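Report on the structure
So you can see what is in the structure, the chains are spelled out below.
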Amino acid sequence: MNNDTQQASLAATTDREAVIRVRGLRTQFGTQVVHEGLNLDVWRGEVLGIVGGSGTGKSVLLRTIVGLNKPAAGEIEVLGVDVLNGPEDDRRRIERHWGVAFQDGALFSSLTVLQNVMAPLREHTGLSEKLMESLGALKISLVGLPQLSCGKFPSELSGGMRKRAALARALALDPEIVFLDEPTAGLDPIGAAAYDELIGELQQALGLTVFMVTHDLDSLYAICDRVAVLAEKRVLVEGPIEDMTKVDHPWVQEYFTGPRARAAQQKGQNR
Ligand SMILES: Nc1ncnc2c1ncn2[C@@H]1O[C@H](COP(=O)(O)OP(=O)(O)O)[C@@H](O)[C@H]1O
Ligand SMILES: [Mg+2]
């Protein structure tokens, strides 16, 4: 199988709705080409894990899809809206339907947790202060943070709590799609497992579609329905994690058949 037929056959899924559709994407910084001819579909209601070596362009892909990085070529559709060239009104409207938790949380350090979670509400809704506060507090409890954390500043929280606060902010507008960039990086294994469990529960309860950049094999086995591997400037292969061991590519082989993968698979099965 060459790589293109490999991608096509593993992605062959019949009547699913693509909530994100990327075609022929090229991104570059100066002369450095990060993505070339990248195609990707994300199906409604799935948890998709984006993996790939360091610097392969996982974060850039996420940022490009949410409109923070302008690609050199290609098409990106989110929930049927052309996010690159569509009408400004449509693009603005669509922003309300996704939430993003960036790598390292990226909370506003001068705002309390509650104010951070209220920020998207302030930007996109005309709700009263009181209602925004109540909704913000609700999201904070939804992600398992004590109400006490509402008035704290990000610097006063542990790493794991900051990740949850960032998730609460991503959920502020009741999005259909959540983008997470390395959400469990820097957490201890117990904290990471608890976070995975939370994402899995929220995904089920809220019917979210989750686009999760991760290198955490435990997360991939625990909660991802499918995996997309970034290599050679594009999505080399996408499909269920079990299929990844059959992919004939050195990085994919090493990543998915190494000792860490075997341990993660065991753990995933024991859940
Ligand atoms: N704003 C930027 N300006 C210039 N180069 C960038 C920028 N953002 C990312 N890059 C480069 O693009 C490549 C992919 O980065 P990134 O998506 O962050 O990798 P990762 O897969 O580890 O998340 C890296 O070589 C990085 O240095
Ligand atoms: Mg990154």
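The text that follows walks through the structure, step by step, so that each part is easy to find. (Residues numbered from 1 in each chain as written. Chains lettered and ligands numbered in written order. Predicted model: local features only at pLDDT ≥ 70, side-chain atom pairs only at ≥ 80, totals over all residues. Heavy atoms only, no water.)

Next up on the list: the pattern of salt bridges. One pass over the full model with this rule turns up 13 salt bridges. A salt bridge links R91 to E88; the nearest nitrogen and oxygen atoms lie 3.5 Å apart. Here R91 and its partner E88 are both found in helix α3 (residues 88–95), 3 residues apart, which amounts to about one turn of the helix. Put simply, R93 and D90 hold a salt bridge, and the shortest N to O gap is 3.6 Å. Separated by 3 residues within a single helix, R93 and D90 lie in helix α3, roughly one turn from each other. Given the relative accessible area of 43%, R93 is considered partly exposed. The class for D90 is partly exposed, based on a relative accessible area of 26%. (Salt bridge = Lys/Arg side-chain N within 4 Å of Asp/Glu carboxyl O. Helix = DSSP H or I, 4+ residues; strand = E, 2+ residues; numbered from the N terminus. Buried < 20%, exposed > 50% of the residue type's maximum accessible area, 1.4 Å probe, protein only.)

Looking now at the site of ligand 1. In the region of ligand 1, the neighbouring residues are F29, Q32, V34, G53, S54, G55, T56, G57, K58, S59 and V60. A distance of 3.0 Å separates an oxygen atom of ligand 1 from a polar atom in the backbone of G57. Contact distances for ligand 1 include 2.8 Å between an oxygen atom and a side-chain N or O atom of K58. For ligand 1, whose accessible area on its own is 570 Å², the fraction buried by protein is 57%. Elements represented by at least two residues in the shell around ligand 1 include exactly β2 (32–43) and α2 (58–65). (Near = heavy atom within 4 Å. Polar contact = N/O pair within 3.5 Å; in protein donor to acceptor, adjacent residues only side chain to side chain. Areas by Shrake-Rupley, 256 points an atom, 1.4 Å probe, with all protein chains shown as cover.)

With that settled, the discussion passes to the sheet that holds β2. One key point about sheets: their strands pair by backbone hydrogen bonds, in either a parallel or an antiparallel sense. If you trace the 4 strands from one edge of the open sheet to the other, you get β2-β1-β4-β5, paired in antiparallel fashion. Two strands lie at the open edges of the sheet, namely β2 and β5 (81–82), each paired on one side alone. Bridge analysis of strand β4 (residues 73–78) against β5 gives 2 bridges, and the strand direction is antiparallel. Counted as the bridge partner of E77 is D82 from β5. Most of the contacts of α2 go to strand β1 (residues 18–29), to which it runs at about 115°, and overall it touches β1, β2 and β4. (Pairing = 2+ DSSP bridges. Contact = heavy atoms within 4.5 Å. Axes fitted to C-alpha atoms, helices over the stretch in contact; angles between N-to-C directions.)

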